[in-house]
Amino acid sequence: MAFRLFRLSVLCAALAPAAFSHAGEGGAVFRDNCAACHQANAGGAPGVAPPLTGPHWASLQDPKEHYILQVLATGLTGKITVKGELFNGAMPSFAHLEAGDIAAVANYLLALNEVATPVLTATDVQEARAKNMTPAQIRALRRSLLKE
């Protein structure tokens, strides 16, 4: 655990100052809105909420599609498999959060997974919201990005 935190701190320090700021803000928003189900370490709860860490995150971060923003902005229901475990649940939409908060959570999770990507912004969240994707469309996007 200490080594993982050390690696995360090195990664955050290497990111641009704006990315570091967003990741820090995102940790607080994550704690307040996501940790109850996904746990404080984003490791998930078996049978309840999938882990939000793992190598699959590199595949899920397509700069044009913003899977993570779609899930945060819209929510996700139905079956997905993460790290070989099937989850069939319902994650609520975080439409009540400001776009900047959703971007901060996304940046936090990407930093936690050591995914190098441009910093996501409130504008990216607004664009994701404008797509108005259904949970079925988001699951299909997930399958296409993971090539399942």
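What counts and what doesn't
- Residues numbered from 1 in each chain as written.
- Predicted model: local features only at pLDDT ≥ 70, side-chain atom pairs only at ≥ 80, totals over all residues.
- Heavy atoms only, no water.
- Pairing = 2+ DSSP bridges.
- Helix = DSSP H or I, 4+ residues; strand = E, 2+ residues; numbered from the N terminus.
- Disulfide = S-S within 2.5 Å.
- Buried < 20%, exposed > 50% of the residue type's maximum accessible area, 1.4 Å probe, protein only.
- Core = buried A, V, L, I, M, F, W, Y, C linked by side-chain atoms within 4.5 Å.
- Contact = heavy atoms within 4.5 Å.
- Salt bridge = Lys/Arg side-chain N within 4 Å of Asp/Glu carboxyl O.
- Polar contact = N/O pair within 3.5 Å; in protein donor to acceptor, adjacent residues only side chain to side chain.
- Expected span 1.5 Å × (residues − 1).

**Some remarks on the pairing of strand β2 (residues 85-91)**
- Note: strand β1 (residues 76-82) against β2, 7 bridges, orientation antiparallel. Each residue of the ladder has a partner; that of L76, found in β2, is M91.
- The antiparallel pairing of β1 with β2 creates a hairpin that spans 2 residues between the two strands, and K83 there sits at a positive phi of about 50 degrees.

**Quick word on the state of the cysteines**
- Tallied over the entire structure, the rule returns 0 disulfides.
- In this model C34 remains outside any disulfide bridge; the closest cysteine sulfur is found in C37, 8.6 Å from its own.
- The exposure class assigned to C34 is buried, which follows from its relative accessible area of 10%.
- Exposure remark for C37: the relative accessible area of 43% places this residue in the partly exposed category.

**Here's the deal with the nonpolar core**
- Among the nonpolar cores identified, the biggest contains 36 residues, and F30, Y67, I68, L69 and L109 are the most heavily contacted of them.
- Listing elements by their share of this core, those giving two or more residues are α2 (17-33), α4 (56-60), α5 (67-74), β1, α6 (99-112), α7 (122-131) and α8 (135-146).
- For this core, the leading source of residues is α6, giving 9 residues.
- Among residues more than four places away in sequence, those in contact with I68 are W57, Q61, A106, L109 and L120.

**Some details on the pattern of salt bridges**
- In this structure the tally under the stated criterion is 2 salt bridges.
- Close ionic contact of R31 with D32 constitutes a salt bridge, the shortest N to O distance being 3.5 Å. Of the two residues, R31 and D32, both sit in the exposed class.
- Across the salt bridge formed by E65 and K131, the nearest N and O atoms sit 4.0 Å from each other. A residue pair is termed long-range when its members are at least 10 positions apart, and E65 in the loop between α4 and α5 and K131 in helix α7 qualify at 66 residues.
- For E65, a relative accessible area of 28% gives the class partly exposed.

**A few points about the environment of S93**
- Along the polypeptide, S93 turns up in the loop between β2 and α6.
- Residue classification places S93 among the partly exposed positions, given a relative accessible area of 29%.
- Along the chain, S93 and T74 lie 19 residues apart, while their C-alpha atoms are 4.6 Å from each other.
- With residues up to four places along the chain from it excluded, the contact list for S93 reads L72, A73, T74 and G75.
- Here the side chain of S93 touches A73 through a polar contact of 2.9 Å, landing on its backbone oxygen.
- Side-chain polar atoms of S93 contact the backbone nitrogen of A95, separated by 2.9 Å.

**Looking at α6**
- Here α6 is 14 residues long and its end C-alpha atoms lie 20 Å apart, about the 20 Å a rise of 1.5 Å per residue gives.
- When α6 is considered as a whole, its buried residues turn out to be A99, I102, A103, A104, V105, A106, N107, Y108, L109, L110, A111 and L112.
- A positive phi of about 60 degrees marks E114, the residue just after α6.

**Some remarks on the side chain of R142**
- In this structure, R142 sits in helix α8.
- Residue R142 is classed as buried on the basis of its relative accessible area of 5%.
- Engagement of the side chain of R142 in a polar contact is seen with the side chain of Y67, the distance being 2.9 Å.
- Every residue in contact with R142, bar those within four places of it in the chain, is listed here: H56, L60, Y67, I80, T81 and V82.

Honestly, it's all geometry; don't read function into it.
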